[in-house]
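Structure assessment
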Amino acid sequence: MASAPTIVAESLAAVPEPLATALEAGPAAPAREVVSALARSLAPAEADVGAPAWLWPEHHRTLRRVVAAVRRHHGCMLADPVGSGKTYVALAAAAALGGGRPACCIVPAALVTQWCRTARRLGVPAVVWSHERVSRGGLPCGAMGLVVIDESHHYRNPDTRRYRALAPWLVRRRALLLTATPTVNRLSDVTHQLRLVVRDDALAVHGVPSLTAMLDQGPRGHRVRAHAGASGGRGTSGTTSPAHAALGHVIFTRTLTREEGHPRPAALERAVPLDDGDMTAVLPLLSELDRLQLAANPAVAGLLRGVFWHAGASSPAALLAALRRYRRLLLHARDAERAGLKPARAELLRMTGGLGEQLLLWEMLGSTDGSATGGLAPGEIALDDLAPLEVLLSRAAAAADAPDGKVAKLAELLDDDRPTLVFAAARGTVRHLRDHLAARPIAWCTGAAAGIGRLHAPRDAVLGWFARRQETDRNRSHIPLELAPLHLVATDVLAEGLDLRRAARVVHYDLAWTPARLAQREGRARRAASAHAEVELVRFHPAPAVESRLRQLAVLAAKDALPAQVGLGSAGRRAWQWRADIADRFAGGPASAGVAAVRSDAAGVLAGFALSIVPGSGEEPALVGTWLLWRDARGRVTQDPDLIAARLDAAATLPDAPAPDRAAVTRALDALGPPIRDRIRAVRTAYWDAPTPTPCARRLVARLHALTRAAARRRDAGTLARLERALDFAAGGHTAGEAMMIEQIARATDAELLAGLGRLPLPAGRGDALRPTLTGLVFFRPP
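Structure report, in brief.

What follows deals with the packing of aromatic side chains. Where two aromatic rings form a pair, the distance of their centres and the angle of their planes describe that pair. This model, assessed by the stated rule, comprises five aromatic pairs. Both rings, one in F609 and one in W627, keep their centres 5.5 Å apart while their planes meet at 25°; by these two values the pair is stacked. Remark: W627 occurs in strand β17 (residues 622-632) and F609 occurs in strand β16 (residues 604-613); sequence separation between them is 18 residues. A residue is classified by how much of its surface remains accessible, and W627, at 1% relative accessible area, is buried.

So this is what it looks like as structure tokens:
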């Protein structure tokens, strides 16, 4: 048996940088190959899964990244543009992750049939569930594979019934969020969606100790808070926090280009400005309405006045419908007062026509009895408005039948016979357009009915006739081809999910309240594999009198700037998407994690390194993250994305220089020691730098500590191990559902708590030992 070597003091030698002894440089290689290895190391993790034959090639990389993120974080978000094929990626991911179990697809009710049909056609077993059923507290039972939540922006508010029903159900389940518009009204929309499927501290090692704390949770929720120790982000100045670079590990999005095999049509944007002369029928009526009292409470009066102005801006018919609802409200209030009862606030909510979210949140108005659905105070509704309202109703009815300047501009637009989708805000406006555009075959659809012209028909039939008009012949059509609808007018009931790629134009007859809704509307026509090279997007801009009152354009402009603050949208992608962009740019050709040199006036070293958790027995190393840094001739080190990208591009095109000798490589490794050691320190700190716990979590941790001490005194090893695992879970970050679980557990007795320890989710794995490895070195040498 060979004896172990003997180490004597005389054999020891001083090492300038101990960490450098753990770094091993690769062999000499062409600069282009080393650059490719460095760039590809920045890419999000990709799972080794095969893509089904029906998935487009440009989706293969997205599929691998989504599967890897779900395996690591139990969830992620796919935020590709509207109409880019997210449904197919989701079903492919469900097939890869399902383990033979059916996927659970939670989608808007209007899309249930479409999802069932698509999953059945692709051979992916799936249970399709509607958002509306979740809102009523109903959720699927039994073993499920991947949970797919389509249009996940509907779960952006944690105070809604559907959110509080879904969040605890998702505990221990893997889930994929699908949305083209994750930011709707505020930056925290993104966080609340991610918290459904990803723990609050999931990105701690990348510089985000808490997803919730990433965004300011103040009253407006619009400011961005910067965090130190972020990996590969921008500086702390400006509107984008460097911590947002880590979002690229849980949010995936791409920009479609015309070079791809199945591109979306290009957007041809156009504005149709209205003037006050186009609204001569309704502006005098709105001026008269301003003189009504409406309500004693200024907030309620403002809400009602806003309803009338929005309805009038849409159409005279919509204003007439709003006035009729107001008359019913007044009659209800008068009858209740005569009976000695309080009018129900629910009647006032119905009066707004469901516009509470866009105008004033109903909960902000308060109530005399402390309930948002309780009774109105006596005299809160102005019954004196009944008499003048009758006069206004007759005038509004006449205005609805009179020529309409806004409709005339739409009719002029439709004269070119391009198949068009027209979106209006109110059902009354849809009927108004149907009646005033009777000379054309107009299909229409609202949440309550659908038809062609004045004929009613099932919604699916109407959409089918519109979609097949140019492809169908007389023998296969249910109606004569010349009567099939060329244009489709609808409310926002058709704004999500549906494939209406036949449309060559989308008209926003009424502006939506958020850019997200506008994008959803446009996505019905701007879809991959559309027959049109471009789709015209037309916005009717409000008349000056309306804009001065409602500020619709100003509100849209303010909200349109929000996504860029968290790195979403075309303006903000590089805040965190730059890593994937660079990796994709160098995706082709050979790659080598070696050493190269190029001739350049900018002397320095471009280096890449990765950190992995040292595995236990029989385990695979777990990659924590990868980084690139630039060290110039003066010893200054930076990870600025713009500079890193410029150096990669330069090294790929500059002439190769002779490979550096071993001494130069050793000096470079010694110089890399301090920044790598700083990164290791930051990662280790992040593992234990838990987010600020909630009061319930603090109470639970204190109780678990007490129970742990008692178990230690009893020498109860089994209970002690379960309590330590529960402590790790309680002290870490949580999903929204786990946070709700902690709220319930904190109220349990000690006996109930001990009995339920086995049902707690497992804590996240912690890496005590980290191993650095080089991913490449490129020396920049003067000519």
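Back to the text.
This part covers the pairing of strand β1 (residues 75-78). Burial along β1 is two-sided: the residues G75 and M77 and C76 and L78 are all buried. Sheet topology places β1 next to strand β6 (residues 251-252); two bridges connect them, and they run parallel. Of the residues in β6, the one forming a bridge with L78 is F252.

Our focus in this paragraph is the packing of helix α11 (residues 316-338) against helix α14 (residues 386-401). Axis separation between α11 and α14 bottoms out at 9 Å; the angle between their running directions is 155°. For the element pair α11 / α14, the angle class is roughly antiparallel. Taken as a pair, α11 and α14 cross one another with a handedness that is left-handed. Of the residues in α14, those touching α11 at P316, A317, L320, L323, R324, Y326, R327, L330, L331 and R334 are L386, L389, E390, L392, L393, A396, A397, A399 and A400. Among the residues making up the contact of α11 with α14, the classes are represented as 15 nonpolar, no polar and four charged.

Glancing now at the side chain of D150. You can see D150 is positioned in strand β4 (residues 147-150). For the buried D150, which has no salt bridge, the nearest side chain bearing the opposite charge is K86, at an N-O separation of 6.3 Å. Of the polar contacts made by the side chain of D150, one reaches the side chain of W115; its length is 3.0 Å.

The next thing to look at is the packing of helix α21 (residues 578-585) against helix α22 (residues 641-653). Look at α21 against α22: their axes get within 11 Å of each other, and the N-to-C directions meet at 5°. As summarised for this structure, α21 and α22 are arranged roughly parallel, according to the angle between their axes. Taking contact as the criterion, the partners of W578, I582 and R585 in α21 are, on α22, P641, I644, A645, L648 and D649. A class-by-class count of the residues in the contact of α21 with α22 yields six nonpolar, no polar and two charged.

Cut-offs applied
Residues numbered from 1 in each chain as written. Predicted model: local features only at pLDDT ≥ 70, side-chain atom pairs only at ≥ 80, totals over all residues. Heavy atoms only, no water. Phe/Tyr/Trp six-rings, centres within 6.5 Å; stacked < 30°, edge-to-face > 60°. Helix = DSSP H or I, 4+ residues; strand = E, 2+ residues; numbered from the N terminus. Buried < 20%, exposed > 50% of the residue type's maximum accessible area, 1.4 Å probe, protein only. Pairing = 2+ DSSP bridges. Axes fitted to C-alpha atoms, helices over the stretch in contact; angles between N-to-C directions. Parallel < 35°, antiparallel > 145°, perpendicular 65-115°, else oblique. Left-handed = near helix turned anticlockwise from the far one by under 90°. Contact = heavy atoms within 4.5 Å. Nonpolar A, V, L, I, M, F, W, Y, C, P; charged D, E, K, R; others polar. Lys, Arg positive; Asp, Glu negative; His and termini not counted. Salt bridge = Lys/Arg side-chain N within 4 Å of Asp/Glu carboxyl O. Polar contact = N/O pair within 3.5 Å; in protein donor to acceptor, adjacent residues only side chain to side chain.

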